[in-house]
Amino acid sequence: MLEIDELSVSYRTGKKMIPAVGPISIKIASGDIYALIGPSGCGKSTFLHVLSGIIKDYSGLVTLKDEGLNPQKHDIGFIPQNFGLLPWKNVQKNCLLSLTIKEQKIDSSLTERVDYIMNKLNIKSLRDRYPSELSGGQKQRVAIARAFIMNPDLLLMDEPFSALDALTREEAQELFIDIWNQYRPTTIFVTHSIDEAIYMGKKIVIMSHCPGTVVEIIDNPLFNTENLRENKEYLKLSAHLRNVVKKGWKI
Ligand SMILES: Nc1ncnc2c1ncn2[C@@H]1O[C@H](COP(=O)(O)OP(=O)(O)O)[C@@H](O)[C@H]1O
Ligand SMILES: [Mg+2]
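For clarity, every value in this text was computed on a predicted model and none was experimentally measured.

Visitor: Got a minute to help me understand the sheet that holds strand S8 (residues 186–190) in this structure?
Guide: Strand pairing in a sheet is mediated by backbone hydrogen bonds. Such pairs are either parallel or antiparallel. Taken together, the 6 strands give an open sheet; going across it, the order is S6-S7-S8-S3-S9-S10, and neighbouring strands pair in mixed fashion. On the outer flanks of this sheet lie strand S6 (76–79) and strand S10 (214–219), each paired with one strand and no other. Direction aside, neighbouring strands of the sheet carry axes that sit 15° apart on average. One ladder, built from 4 bridges, connects S6 with strand S7 (residues 154–158); its direction is parallel. Bridge pairing in S7 links Ile 79 to Met 157.

Encoded structure:
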């Protein structure tokens, strides 16, 4: 269980503290998948930065598996909006980063898994390149591979497929579902795509304008449904979500 209790973050701008997100209280069961949608600047990235351990200056309480959130103790995979690759390491080393940090032995089953993920994301031929030699979409695929390879307890993804073309995006979404079916990481991802939220989110969280709070949490009956757009429920749910977006994220 990931428990978030009255979490708020403010940023210091000059002498003022300006609220960026919260208060947010939410309980996320282990293995669940939450899609986060909300207007630009409402605090989605800030929220994920707290959960990934990048922001330590927040008020409220965050516990994972009944312990205070601790990136040193908990395995947290994070795909940041700017991909977060280390410029001085090549693709292969970026992908294996978390395993080398944990000094994990890379045995044959792990090699197989790494190969599988890199193949699916079509980055094997790029393994010797450095991030500066990659396009935006390629960098994003490396960041996705790195997070999937580490098999985290908590997987955080900030608009993870935004730089991908439609076809690659669909493949990446399917790969995520495939990985989730195998390892069931608790997942929170941010997306601007209503279709992506409906396809990949077991729950859909709608956030308000800045400082973002939770407006609504929807139990999504259409998670991992094929031919989504042909489903009658899809029309109802996507119309509802679009309506909330249009009304300025208020119900
Ligand atoms: N490092 C920072 N310093 C000051 N203000 C920031 C910083 N990062 C984000 N903000 C502000 O906090 C709010 C939330 O930002 P962010 O979490 O990036 O939103 P989102 O990801 O939903 O677009 C915005 O108003 C943004 O301008
Ligand atoms: Mg953001």
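Structure shown, so let's carry the discussion forward.
Visitor: Mind showing me how you'd approach the site of ligand 1 here?
Guide: Around ligand 1 sit Tyr 11, Ala 20, Pro 39, Ser 40, Gly 41, Cys 42, Gly 43, Lys 44, Ser 45, Thr 46 and Cys 210, and those are all the residues in its vicinity. Cys 42 is positioned with one of its backbone polar atoms (N or O) 3.2 Å from an oxygen atom of ligand 1. A distance of 3.0 Å is found between an oxygen atom of ligand 1 and a backbone nitrogen or oxygen belonging to Gly 43. Taken by itself ligand 1 offers 560 Å² of open surface, and the protein chains cover 57% of this. Residue composition of the shell around ligand 1, by class: 5 nonpolar, 5 polar and 1 charged.

Visitor: Which parts of the structure should I look at to understand a negative patch on the surface?
Guide: Negative charge collects at one region of the surface, where Asp 165, Glu 170, Glu 171, Glu 174 and Glu 226 lie side by side. In this structure Glu 174 comes out as partly exposed when scored by relative accessible area, which is 47%.

Visitor: Help me understand the layout of surface pockets in this model?
Guide: It is a probe the size of a water molecule, rolled over the atoms, that shows where empty space is left. Considering only enclosed or pocket space, the largest pocket measures out at about 590 Å³ in volume. Along its surface, the largest pocket is lined by 20 residues, and Ile 76, Leu 97, Ser 98, Ile 101 and Met 150 are the ones closest to its centre. Mapped by element, the contributors of at least two residues to the lining of the largest pocket are S6, helix H3 (97–101) and helix H5 (136–149). Looking at the second largest pocket, its volume works out to about 410 Å³. Surrounding the second largest pocket, 15 residues form its lining, Glu 170, Gln 173, Asp 195, Tyr 199 and Leu 228 being those nearest its centre. Considering each element in turn, the lining of the second largest pocket owes the most residues, 5 residues, to helix H6 (residues 166–183). For the lining of the second largest pocket, the per-class residue count stands at 3 nonpolar, 5 polar and 7 charged.

Visitor: Sorry, what's going on with the packing of aromatic side chains here?
Guide: Remark: the centre distance and the inter-plane angle together describe each pair of aromatic rings, the angle taken between the planes. If you walk through the whole model with that rule in mind, you get 2 aromatic pairs. Taken together, a centroid distance of 6.3 Å and an interplanar angle of 40° make the contact between Phe 148 and Phe 176 tilted. In this pair, Phe 148 sits in helix H5 while Phe 176 sits in helix H6, placing the two residues 28 residues apart along the sequence. Residue Phe 148 shares its accessibility class with Phe 176, and that shared class is buried. Both rings, one in Trp 180 and one in Phe 223, keep their centres 5.5 Å apart while their planes meet at 80°; by these two values the pair is edge-to-face. A residue pair is termed long-range when its members are at least 10 positions apart, and Trp 180 in helix H6 and Phe 223 in the loop between S10 and helix H8 (232–246) qualify at 43 residues.

Visitor: Please clarify how the sheet that holds strand S5 (residues 67–68) should be interpreted in this entry.
Guide: If you trace the 4 strands from one edge of the open sheet to the other, you get S2-S1-S4-S5, paired in antiparallel fashion. Of all strands in the sheet, those with a lone pairing partner are strand S2 (16–28) and S5, marking the two edges. Note that strand S4 (residues 59–64) and S5 share 2 bridges and pair antiparallel. Residue Leu 64 lies in a different strand from S5, and its bridge partner there is Glu 67. Relative to strand S1 (residues 2–13), helix H1 (residues 44–51) is tilted by about 115°, and along the sheet it contacts S1, S2 and S4.

Visitor: Would you explain unusual backbone geometry in this entry?
Guide: Negative phi characterises most residues that are not glycine, and trans characterises most peptide bonds. Note that the residue after Gly 22, namely Pro 23, is joined by a cis bond; omega there is 5°. Here Pro 23 is to be found in strand S2. Here the residue pair Cys 210 and Pro 211 is connected by a cis peptide bond, since its omega of -5° sits within 30 degrees of zero. Mapped onto the fold, Pro 211 is located in the loop between strand S9 (203–207) and S10. Even without a glycine there, the phi angle at Asn 122 is positive, about 60°.

Rules and cut-offs
Every residue gets a number counted from 1 within its own chain, in the order that chain's sequence is written. Lettering of chains starts at A and numbering of ligands starts at 1, both following the order in which they are written. In view of the model being predicted, local features appear only for residues whose pLDDT reaches at least 70, and side-chain atom pairs are presented and counted only at 80 or more, with totals across whole chains, interfaces and linings using the full set of residues. Excluding hydrogens and water, the side-chain values take into account all heavy atoms of the structure. Pairs of strands are assigned from DSSP output, requiring at least two bridges between the strands. In this description a helix means any DSSP run of H or I spanning at least four residues, a strand means any run of E spanning at least two, and both kinds are numbered starting from the N terminus. Axis lines are fitted through C-alpha atoms, for helices just across the contact stretch, and the angle between N-to-C directions can take any value from 0 to 180 degrees. The rule for a residue being near a molecule or strand is that one of its heavy atoms must lie within 4 Å of it. Side-chain atoms alone can form a polar contact between residues adjacent in sequence; in general such a contact is a pair of N or O atoms within 3.5 Å, and within protein one must be able to donate a hydrogen while the other accepts it. Using a 1.4 Å probe, the Shrake-Rupley method yields the accessible areas, and only the shown protein chains count as cover for residues. Ten residue types, Ala, Val, Leu, Ile, Met, Phe, Trp, Tyr, Cys and Pro, are classed as nonpolar, four, Asp, Glu, Lys and Arg, as charged, and the remainder, Gly among them, as polar. Only residues whose relative accessible area exceeds 30% and that form no salt bridge enter a patch; like-charged residues are grouped when within 9 Å of one another, and nonpolar side chains (Val, Leu, Ile, Met, Phe, Trp, Tyr) when within 5 Å. Each salt bridge in this description consists of a side-chain nitrogen of Lys or Arg and a carboxyl oxygen of Asp or Glu lying within 4 Å of one another. Charged-residue counts in this description rest on Lys and Arg as positive and Asp and Glu as negative, His and the chain ends being excluded. Working definition for charges: the position is that of NZ of Lys, CZ of Arg, CG of Asp or CD of Glu. Burial classes follow relative accessibility: with a 1.4 Å probe on protein chains only, a residue under 20% of its type's maximum area counts as buried, one over 50% as exposed, and anything between as partly exposed. Grid points spaced at 1 Å over the protein atoms alone were grouped into cavities, where a 1.4 Å probe fits but cannot get out, and pockets, open sets with protein on both sides within 12 Å along at least five of seven lines, with lining residues defined by an atom within 4 Å of a point. Grid points are joined across faces, edges and corners, and a volume is the space filled by probe spheres set on the points. Pairing of aromatic side chains here covers Phe, Tyr and the six-membered ring of Trp, requires ring centres within 6.5 Å, and sorts the geometry by plane angle: under 30 degrees stacked, over 60 edge-to-face, intermediate tilted. By the convention used here, residues are in contact when the closest approach between their heavy atoms is within 4.5 Å.

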